[in-house]
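# Observations on the model geometry
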Amino acid sequence: MFEYAWLIILSPLVGFLIAGLFGRYFPKHVGWVSVGSIGFSFVVALWLLIEVLQRGAIGAAVSEIATGVEWVPGIRFQLLIDNLSAFMLVLVSLLSTLIALYSIGYMAHEEGKPRYFAEICLFVAGMLGTVSADNFLQLLIFWEIMGLCSYLLIGFWYHKPEAASAAKKAFLVTRIGDVLFLFGVIAIQIIFGTLEFSGIQRQLAANWMNIDPRMLTLIPLLLFGGAVGKSAQFPLHLWLPDAMEGPTPVSALIHAATMVKAGVFLVARSFIFLVPTEEVAPGVREVIHGAVPWNAILIIAIIGGFTAFFAATMALANYDIKRVLAYSTISQLAYMFLGLGAGAWLLAEHGVEETAGYSAALFHLTNHAFFKALLFLAAGSVIHAVHTNDMREMGGLRKHLPITSLTMLLGALALSGFPGFSGFWSKDEILAVTFEAGSGNSLFTLLWIAGIGTAFMTAFYTFRLWFMTFAGKYRGHDEEHVHESPRVMTVPLMILAAFTIGSGAFAFLTNGWSNFVFYAAPHEQGPIDALAASPTLAIISVVVALGGIGLAALVYYRQTISAGVFTRSRAGASVHRLLSNRYYIDEGANQLARYGVVGVAAATDWFDRRVIDGAVNGIARGGAAASRASDWFDRRVVDGAVNAFSLTTVRSSLTARKRQTGRVQDYTAVIVFGLSIVIIVILIWRVVLPALGVP
Amino acid sequence: MIPLEYELILSALLFVIGLYGVLTRHNAIVVLMSIEIMFNAPILNLVAFSAYTGDAAGQMFALIAIALAAGEAAVGLAIFLVLYRAHGTVDLSRVRLLRW
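These numbers come from a predicted model, not from an experiment. Every residue gets a number counted from 1 within its own chain, in the order that chain's sequence is written. By the order in which they are written, chains take letters starting at A while ligands take numbers starting at 1. Local features in a predicted model are, by the rule used here, given only for residues with pLDDT of at least 70; side-chain atom pairs are given and counted only at 80 or more, and totals for whole chains, interfaces and linings are based on all residues.

Another point: the overall build of chain B. Think of it this way: any DSSP run of H or I at least four residues long counts as a helix, any run of E at least two long counts as a strand, and we number them from the N terminus. Check the secondary structure of chain B and you find three helices and zero strands. Along chain B, from the amino end to the carboxyl end, the secondary structure elements read α-α-α. Once the C-alpha set of chain B is aligned to its principal axes, its extents read approximately 50 × 25 × 25 Å. Neighbour density around each residue's C-beta defines its exposure: 20 or more other C-beta atoms within 10 Å make it buried, 12 or fewer make it exposed, and counts between make it partly exposed, where C-beta atoms are placed from the backbone. Here chain B, with 100 residues, has 10% of them falling under the buried criterion. For the purpose of contact definition, each residue receives a C-beta atom placed from its backbone, and two residues are in contact when these atoms lie within 7 Å. Counting contacts in chain B only where the partners sit at least 6 residues apart, residues at least 24 apart contribute 46% of the total.

Tallying secondary structure elements over chain A gives 27 helices and four strands in all. As defined in this context, the radius of gyration uses C-alpha atoms, and a globule is described by 2.2 Å times the residue total to the power 0.38. Computed over the C-alpha atoms, the radius of gyration of chain A is 40 Å, more than 25% above the 26 Å expected from 2.2 N^0.38 for a compact globule of 695 residues. Dimensions of chain A, computed from the C-alpha atoms along their principal axes, are close to 160 × 70 × 60 Å. The buried share of chain A, reckoned over its 695 residues, is 49%. Nonlocal contacts in chain A, meaning residues at least 24 apart in sequence, comprise 79% of its contacts between residues at least 6 apart.

Here the focus is the interface of chain A and chain B. Across the contact, ten residues belong to chain A and ten residues belong to chain B. Residue contributions to the side of chain A that touches chain B peak at five residues, all from helix 27 (residues 664-692) of chain A. By the convention adopted, Pro, Cys, Tyr, Trp, Phe, Met, Ile, Leu, Val and Ala count as nonpolar, Lys, Arg, Asp and Glu as charged, and the other residues, Gly among them, as polar. A breakdown of the residues in the side of chain A that touches chain B according to their chemical character gives three nonpolar, five polar and two charged.

Attention now moves to the environment of A:Tyr25. Residue and element names in this part refer to chain A. Secondary-structure assignment places Tyr25 in the loop between helix 1 (6-22) and helix 2 (30-54). Accessibility expressed as a C-beta count within 10 Å gives 9 for Tyr25, which makes it exposed. Between the C-alpha atom of Tyr25 and that of Pro114, which follows or precedes it by 89 residues, the distance is 9.1 Å.

Note on backbone geometry: most residues besides glycine have negative phi, and most peptide bonds are trans. Residue and element names in this part refer to chain A. Despite not being glycine, Ala232 has its phi angle at roughly 55 degrees, a positive value. For Ala232, the position within the fold is in the loop between helix 8 (213-230) and helix 9 (239-242). Overall, Ala232 belongs to the buried group, with 31 C-beta atoms counted inside 10 Å. Phi at Met259 takes a positive value of approximately 55 degrees, unusual for a residue other than glycine. Topologically, Met259 is positioned in the loop between helix 10 (248-257) and helix 11 (260-269).

Before going further, it helps to examine the confidence of the model for chain B. The predictor attaches a confidence to each residue, called pLDDT, with possible values from 0 through 100. Residue-level pLDDT values for chain B average 89, and 97% of them are 70 or greater. For this predicted complex, the interface score ipTM comes out at 0.85, while the overall pTM is 0.72.

With that out of the way, let us pick up the packing of helix 16 (residues 402-415) of chain A against helix 18 (residues 443-470) of chain A. Residues and elements named next belong to chain A. Helix axes use the C-alpha atoms of the stretch in contact, all axes being lines fitted to C-alpha atoms, and the angles between their N-to-C directions lie in the range 0 to 180 degrees. The geometry of helix 16 relative to helix 18 is characterised by a closest axis approach of 9 Å and an angle of 170 degrees between their N-to-C directions. The pairing of helix 16 with helix 18 is recorded here as roughly antiparallel in orientation. Of the residues in helix 18, those touching helix 16 at Ser405, Met408, Leu409, Ala412 and Leu415 are Thr458, Thr462, Phe463, Trp466 and Phe470. Small angles under 35 degrees read as roughly parallel and large ones over 145 as roughly antiparallel, with 65 to 115 read as roughly perpendicular and the rest as oblique.

With that out of the way, let us pick up the packing of helix 1 (residues 4-24) of chain B against helix 2 (residues 28-53) of chain B. All names here are of chain B. Where helix 1 contacts helix 2, the two axes come as close as 7 Å, and the packing angle between them is 165 degrees. Between helix 1 and helix 2, the angle is such that the two are roughly antiparallel. The handedness of the crossing between helix 1 and helix 2 comes out as left-handed. Left-handed describes a crossing whose near helix is turned anticlockwise from the far helix through less than a right angle; right-handed describes the clockwise counterpart.

Once that is clear, we can look at helix 5 (residues 136-154) of chain A. Expected helix span is given by 1.5 Å per residue-to-residue step, counting one fewer step than there are residues. Its 19 residues give helix 5 of chain A an end-to-end C-alpha distance of 26 Å, which sits within 8% of 27 Å, the value for a rise of 1.5 Å per residue. Within helix 5 of chain A, 14 of the 19 residues are buried, which leaves it mostly tucked inside the rest of the structure.

To continue, consider the environment of A:Val600. By secondary structure assignment, the location of A:Val600 is in helix 26 (residues 585-657). Through-space distance from the C-alpha of A:Val600 to that of A:Leu152 is 29 Å; in sequence the pair is 448 residues apart.

Taking 1.5 Å as the rise per residue, helix 3 (residues 57-87) of chain B with 31 residues should run 45 Å; its terminal C-alpha atoms sit 44 Å apart, in good agreement. Note on helix 3 of chain B: the residue one or two positions beyond its end, B:Gly88, has a positive phi of about 75 degrees.

Let us look at the environment of B:Met33. All names here are of chain B. Relative to the helices and strands, Met33 is located in helix 2. Judged by C-beta crowding, with 17 C-beta atoms within 10 Å, Met33 ranks as partly exposed. Sequence separation between Met33 and Gly18 is 15 residues, and the spatial gap between their C-alpha atoms is 8.1 Å.

The following block contains the structure:
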């Protein structure tokens, strides 16, 4: 039915091949191959989404398979087209198209453009394949393609040692998560005998009482481990800030459209484990309470809530424009995990109607994708103009970069959750869901407080960034060279700005978004209903956002409060030092690597030398001793016998040969002697003995 | 008629004398001559027994043996001639080829 969905993945792959193989013949225009192939994917994906939504208007579950090939027996390589994947395809391809378009301008003066655009295409193909995978193995394959591309693109300037090591770091840190994910996939295959989402759901509904409940908790946690690596959650968040060494459009791609979003998507897909449902009647699903892994849900929510707060604090003290955005990405992704965790809890507790958390998280994913792409591309535009990442050397750029500053302001408002902007709707909904889950488990109340604190810090650091960059006086040098970016870069910014404002409106179109991407059942509550249901919560989050923005304005715009106030006291200074050193976690990881890994290596080395080599040498020594004994036996006994024999022969022949004189008469004498004896014997025998009377 | 024992004793004496010559003399020619003496001992025996038994076959054998002895002497002399050519001597104590 939806077989043409394959085009969505194949088109960027073809673009990858063209740009990679033939791009060097037209390096100036190779970017358009990328834009064209991903853009084509977007068109097909949009068509697919419209088709899916028409299947019974918005709110009807569609779950279709685009048939593929049987790859290995039991595992079919095919696409799952449901509301979630159809929507993700559109989102990813749209953002990637805009980012590729922007890259044409950003990378105009760079070497190696064919490589860059080929890798972009492959990256996007990996993400599109991940979101449309029908089974966990296929998902893992495309997931790993993305891991590879992130490595290649972060290390695009591979001659820069920082970029090379950042790429290596990204690859190695996400690898930890990927290995967990792989274990999860293996566990699923062993326990359920299938990797297809629908098959697993059926198996789980039919057999959950026969499955070890520890496995039911472990599997979603292993999958979440993969998501933690990919989405840079604590404690695997180390790679994302360093990934800023790559070109800025790549950062935008990683942070907005691909890569980190895959982790959220994976957790959304693993809802089949978090909140297992069964079909009690056609079209009616109910939660299987016995099979809900409550601890796994709690862990996901706690990691989310903690990382949100933790990453936001690190963003407060950073001066690198891209790193601030990177920490904010970690923090915002953590919001999504918090939303998914709280949503899963509510869903499991209250039944299938309560899908607000799931949809809020995915709504936030969408909004975040737009405004974070916008912020990164705008930051890239700024960097393109001033050739530095350090915000201390910016300032007052508003008059030089009018379009960039305006679009970035819109992105910043959305990120800080300013009422009416997209971030407000989704973030508020996540916080509301978390608060609501607090009535079931008070831990969620704590997480809600962390979320509120994060919202305040988010608003503060976002506007700190904006004010430091665009307001005040220029603090860098060569002001006359600062100019607005070319049209090919500003147009994507404007399109993204429109989406940033507009994506909040999706919620109104689809009754609180959940009818777009619902998991168990569509629900009726619109965004205004959600706000009206808990006006206090909405007011709190608005106040917090405005408070953060206001504080940033006071410190960095009006400068009525000096920034030094925060670092003047000893405690403040040490907090600042702690934050700007990223809680010393990177150093800790390095020390761990230095002492832990090297220690393990030394221990292994010792073991290798002493035990294994010792064993080998012992065996060798034993063999040598045995062969020496054998040698001794051979020489002494066997050779001795042989030599003794030959020596005796030689000696006796030496004696005997003396009788052989060569003189004829000697021989004759011997003959005569012998003959005489014969004659004497005959004589005795025949004559003497008879004569003596012997018989 | 001469008794058989006398003839046998004569024959034995001839044999022993010839044997003594073969074993003691150094000159190959003398050794050959001694062999001829030894040869005569059995021939004499043949004749003696032929006369004793009255069977003429013994005399026939004796004649054949004499003829063979002539051939043997001829062959022996030819060998010594060649020996002399090769070594310049017919002294048997100095010709030591039949050794290790």
